[in-house]
Amino acid sequence: MTTFNKSFTQQEAIPEAGIERAVEVMRSGRLHRYNSAAGEPTETELLEKEFADYQGSRYCLACASGGYALHVAMRAVGVKAGDKILCNAFTLAPVPGAIHNAGGLPVFVETTDDFTIDLDDLERKAAADDVHYLLLSHMRGHLADMDRLMAICDRHDVIVIEDCAHTMGASWNGKKSGSFGRVGCFSTQTYKHMNSGEGGFLTTDDDEVMARAIIYSGSYMLYERHLAAPPKETFARIRFETPNYSGRMDNLRAAILRPQLADLDTQCRRWNDLYRVTEAGLKQIPCLRLPERPEAEQFVASSIQFSLPNQSEADIHRFIERCEARGVPLKWFGDADPKGYTSRFDSWQYLGEPPSLPQTERVLATMCDMRLPLTFDEADCRLIVRIIAEVCDELFLSAAPGERTN
Ligand SMILES: *Cc1c(COP(=O)(O)O)cnc(C)c1O
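The model shown is predicted, which means the values in this text are computed figures rather than measured ones.

About the thresholds
- Residues numbered from 1 in each chain as written.
- Predicted model: local features only at pLDDT ≥ 70, side-chain atom pairs only at ≥ 80, totals over all residues.
- Heavy atoms only, no water.
- Helix = DSSP H or I, 4+ residues; strand = E, 2+ residues; numbered from the N terminus.
- Expected span 1.5 Å × (residues − 1).
- Buried < 20%, exposed > 50% of the residue type's maximum accessible area, 1.4 Å probe, protein only.
- Contact = heavy atoms within 4.5 Å.
- Polar contact = N/O pair within 3.5 Å; in protein donor to acceptor, adjacent residues only side chain to side chain.
- Near = heavy atom within 4 Å.
- 1 Å grid on protein atoms, 1.4 Å probe; cavity = no way out; pocket = protein on both sides within 12 Å on 5 of 7 lines; lining within 4 Å.
- Sits in = over half its atoms within 2 Å of the grid points.
- Nonpolar A, V, L, I, M, F, W, Y, C, P; charged D, E, K, R; others polar.
- Domains from an automatic or database assignment.
- Buried area = accessible area lost by both parts, 1.4 Å probe.
- Salt bridge = Lys/Arg side-chain N within 4 Å of Asp/Glu carboxyl O.
- Phe/Tyr/Trp six-rings, centres within 6.5 Å; stacked < 30°, edge-to-face > 60°.
- Points joined across faces, edges and corners; volume = space filled by probe spheres on them.

Caption draft 1: Representation of helix H7 (residues 207-218) within the structure. The end-to-end C-alpha separation of H7 is 17 Å, in line with the 16 Å expected for 12 residues at 1.5 Å each. Burial analysis of H7 places 10 of its 12 residues in the buried class, which makes it a mostly covered element. Every buried residue belonging to H7 is among Val209, Met210, Ala211, Arg212, Ala213, Ile214, Ile215, Tyr216, Ser217 and Gly218, and all of these are buried. Of the surrounding secondary structure, the elements contacted by the buried residues of H7 are strand E1 (59-63), helix H3 (66-76), strand E8 (183-187), strand E9 (200-204) and helix H8 (235-241). One side-chain oxygen at the N-terminal end of H7 lies 3.0 Å from the backbone nitrogen of Glu208; it belongs to Asp206.

Here is the structure:
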């Protein structure tokens, strides 16, 4: 029996240039983002400028985590206690957590069979008079039709914040994910597209939103030391009205991120090469369904999702167990007991009674997820596909011998 022996959670090393620069930062002792020698820009200031340029946004704030960026983004666009926030029903725990932290009340929007936010349900829910915000998660890197989504939100005066934790480097029709809404939020936590252990970015073109975000992040009135920030007049009033919610990035993290940003597009291409090999193989397996991905969606696939639409819960259980036994650990969003993460809206009981979301429940019930770390090569992906195909054959006997070509 063939098994797969590599780890799905093994990341690549930090680029040598980042390690060297990080060592220099440590030798200097100047780790705090505002602790610079003789007016030299710090690593954090430079990183913000470089990430704003990469995104094509006017402003960028580097901060402590992606979840922190989401929380501060909501505060900065004006979310007040008790405000309703539209949000994908299929997302990761830090998203409803950030809404809760900002005092908002999530209003979950249904999920399509292609794993994106359901725009018909969004249209219905955005039409309510007391709904003014959407926290949009491009969950697992799947982009909804952003032209239609923005048209819906503009029509109903809904401010969009994009959670780009899985779409750093991705675009819709050539426009970067994160540049559609009022604010884009990113994570540089280890399992995302750049790795500083923990970290995040918030980008926007809006002067006031960025001024508030900078003060929230804990700038101690040193906001003039930002290279990707609005003019200092913008801060005149805001600086006395905005609390300090300490959540800065430090120069050590910035030092390891800057060379990764320079390599980001190359890394994105490598992820997509792994994805294409895996996707082509999984598409040959009759009992699996892969999502339709429109040409306008220039995704970065650091993970792959598929569903087993015709299998029972018990069968999917067996499928997951056998894949795991052969070294292919899959995540299954239908599992009644969340393992290692939560992405099901009914796991967030602090929000009260879970709402009725039959379509999302149906989609998540048969949906599986697998990481594609860059420590894998294409041969690894082919072996993984073979194992999944064999398990499907054993369990579901979906094809007669000789019918299969892969
Ligand atoms: C990881 C993640 C976040 C939060 O990022 P952290 O940096 O871990 O706080 C937000 N949304 C999604 C969808 C994520 O996967």
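Caption draft 2: Just the site of the ligand, in detail. Surveying the vicinity of the ligand reveals 15 residues, the closest of which are Gly66, Asp163, His166, Ser187 and Lys192. A distance of 2.8 Å separates an oxygen atom of the ligand from a polar backbone atom of Gly66. Take Asp163: an N or O atom from its side chain is 2.7 Å from a nitrogen atom of the ligand. Assessed atom by atom at 2 Å from the grid points, the ligand resides in the largest pocket. For the shell around the ligand, the secondary-structure elements that each account for two or more residues are H3 and helix H4 (94-101). For the shell around the ligand, the class distribution of residues is 5 nonpolar, 8 polar and 2 charged.

Caption draft 3: Summary view of the domain arrangement of the protein. Here the domain parsing of the protein yields domain 1 (16-262) and domain 2 (264-403). Put simply, the middle of domain 1 and the middle of domain 2, counted by C-alpha atoms, are 28 Å apart. Taken together, the contact between domain 1 and domain 2 spans 40 residues of the former and 38 residues of the latter. With both chains or domains summed, domain 1 and domain 2 bury close to 3200 Å², and 56% of this area falls on carbon and sulfur atoms. Ranking the residues of domain 1 by area buried against domain 2 places Phe115, Arg140 and His193 at the top, with a combined share of 20%. Seen at the junction of domain 1 and domain 2, the total is 3 salt bridges. Arg289 serves as the salt-bridge partner of Asp114, at 3.0 Å between the closest nitrogen and oxygen. Counting across the interface, domain 1 meets domain 2 through 22 residue pairs in polar contact (both at pLDDT 80 or more). Of all the secondary-structure elements, those providing two or more residues to the side of domain 1 that touches domain 2 are H4, strand E3 (105-109), strand E6 (171-172) and helix H9 (251-283). By residue class, the composition of the side of domain 1 that touches domain 2 is 19 nonpolar, 14 polar and 7 charged.

Caption draft 4: Molecular detail of the packing of aromatic side chains. Scanning the model with the defined rule gives 14 aromatic pairs in all. Between Phe4 and Phe8, the ring centres sit 5.6 Å apart and the planes meet at 70 degrees, which makes this aromatic pair edge-to-face. Assigned by exposure class, Phe4 and Phe8 land together as buried. Taking the centre distance of 5.0 Å and the plane angle of 10 degrees together, the rings of Tyr216 and Tyr245 count as stacked.

Caption draft 5: Quick look at the layout of surface pockets. Size it by volume and the largest pocket reaches roughly 660 Å³. For the lining of the largest pocket, the secondary structure elements donating two or more residues are H3, H4 and E8. Looking at side-chain class alone, the lining of the largest pocket contains 16 nonpolar, 15 polar and 6 charged residues.

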